[in-house]
Amino acid sequence: MRRILLLALPAAAAALLWWKAEEARHLARTVPVVGPFLAGEASGAPVRPALAPILPVVTAVAARGPVPVTVDAIGTVQPIASIQIKPRLDSQIASIEVREGARVKEGDLMVRLDDRALRAQLAQADAVVEKDRAQLEQAKRDFGRAEELLGRRIGTEVARDTAATLVKVQAAQLAADRANRDNLATLLSYTEIRAPISGRIGSIPLKVGTQVRMADAQAITTVNQVDPIYVSFAVPQSLFADLRGALAAGKVAIAARVGSFTVPGIVSFVENTVDLATGTVLAKAEMTNADERLWPGAFVAVQATLGIEPNAVSIPAAAVQIGQRGAYVFVVKDESRAVLTPVTVSRTTGTTAVIGAGLTGGEHVVVDGQLRLVDGAAVRVQPRAGAAKEEDASASPRRG
């Protein structure tokens, strides 16, 4: 029995060694090697292992040149003036001269109130004024006769002074009645409610025949000025100094994006305090809105241009990745190796990221396919989608 065991042990050991060797060969065939070998590290040149995967990527060049300094924000469209139309006297709506939602010009008649009682009072006041004017003329004639009689030594000074006083009394009475007549004429003008500004009116909840009073809380309608119009947006406190500097140098242009359209404007107002809750400063821009693309209450994407940075490095924002240590990009070296490069992003403008540190310009950064990359991974640069079509279009002759 011992002799059998002694003969079996060497055979088992040989079988175990053969199984380990086969397992190593299998792993070498199935597991890719992604790091450089010691020979490559010693020579300083990148070594692409035979079994390492070559990943396809799309790159873009880090450009150096002038880049606008912009502020991107979400703005709110606000009318420059929004006026509630309310009656200035107690009356009844006789007619409505405009349709709901119509656009009106300043001075257009919108609502007419019942004016019959006021017209009667105005006619009565006109009659009183005519009576006062006639009495004043008679008092002046009496004063003239008293003066003539006093000159002929027939009349007395008392009579002359009484006649002069009566002239003044009648003149004052005429002035008071004229003022009362003017007051009634003013009240009569309130029965015609006209547009105080040019704009667009809202709904009209009150209809013909409704009794209205000056103390009513509900307005007849509202007129919003829509051209020009305001767009209100918040500026971060970190960019407030740049905004003030741009305003001191001249006008600050903004663009409000509404669907596929862009509406231009100029910053016209900056709030005099910083909002402690948000750390932002409220600004308003006056926008031309003749075609009414901007509607009160709507949210729009706003971009304000504060200036031009003359020598900035910019890359597509899609190239920037965020890791545990901050932002980074993959830079393709020798068109075959991706190197992880930490960067500092100064700001992002639309689809462009402005790099403050980490790139000097001219580097090829990965904009597509970077999610599968690690530092030092082997890559193959592919043409950007649509680039071949653009080259063919530019090379093809134009037909006149």
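Residues numbered from 1 in each chain as written. Predicted model: local features only at pLDDT ≥ 70, side-chain atom pairs only at ≥ 80, totals over all residues. Heavy atoms only, no water.

Visitor: Would you mind going over the pairing of strand β10 (residues 221-224) in detail, with residue names and values included?
Guide: Only one face of β10 is covered, namely the face carrying Thr221 and Val223; the face carrying Thr222 and Asn224 is uncovered. By the bridge criterion, four bridges tie strand β3 (residues 82-85) to β10 in an arrangement that is antiparallel. For isoleucine 85, the partnering residue across the bridge sits in β10 and is threonine 221. As paired elements, strand β8 (residues 199-201) and β10 share two bridges and run antiparallel to each other. Counted as the bridge partner of arginine 200 is asparagine 224 from β10. (Buried < 20%, exposed > 50% of the residue type's maximum accessible area, 1.4 Å probe, protein only. Helix = DSSP H or I, 4+ residues; strand = E, 2+ residues; numbered from the N terminus. Pairing = 2+ DSSP bridges.)

Visitor: An account of helix α3 (residues 116-151) is needed here, citing residue identities and associated values.
Guide: Between its first and last C-alpha atoms α3 spans 53 Å; for 36 residues at 1.5 Å apiece the expected length is 52 Å, and the two agree. If you check which residues of α3 are buried, you get Leu118, Leu122, Ala125, Val129, Asp132, Leu136, Ala139 and Ala146. Of the surrounding elements, those touching the buried residues of α3 are α4 (157-189). Phi turns positive one or two residues past the end of α3, at arginine 153, with a value near 65°. (Expected span 1.5 Å × (residues − 1). Contact = heavy atoms within 4.5 Å.)

Visitor: Can you explain the environment of leucine 188? Please cite residues and give values.
Guide: Here leucine 188 is to be found in helix α4. Classification of leucine 188 by relative accessible area gives buried; the value is 12%. Taking the C-alpha atoms as reference, leucine 188 lies 8.3 Å from leucine 122; in sequence the two are 66 residues apart.

Visitor: Summarise the pattern of salt bridges; cite the residues concerned and give the values.
Guide: According to the stated counting rule, one finds 17 salt bridges in the structure shown. Across the pair arginine 181 and aspartate 182 runs a salt bridge, and its minimum N-O distance is 3.9 Å. On the basis of relative accessibility, which here comes to 44%, the residue aspartate 182 falls in the partly exposed class. Note that glutamate 192 is salt-bridged to arginine 194, the shortest N-O span being 3.0 Å. Residue glutamate 192 is classed as partly exposed on the basis of its relative accessible area, which comes to 27%. Through salt bridges with shared partners, a single network forms among Arg103, Arg200 and Glu292. (Salt bridge = Lys/Arg side-chain N within 4 Å of Asp/Glu carboxyl O.)

Visitor: Help me get a handle on the sheet that holds strand β4 (residues 91-96), residues and values and all.
Guide: Ordered in space as β7-β6-β4-β9, the four strands form an open sheet in which the pairing is antiparallel. Every other strand in the sheet has two partners, leaving β7 (192-194) and β9 (211-212) as the edge strands with one partner each. Pairing geometry for β4 and β9, over two bridges, is antiparallel. Counterpart to serine 91 in the pairing with β9 is valine 212.

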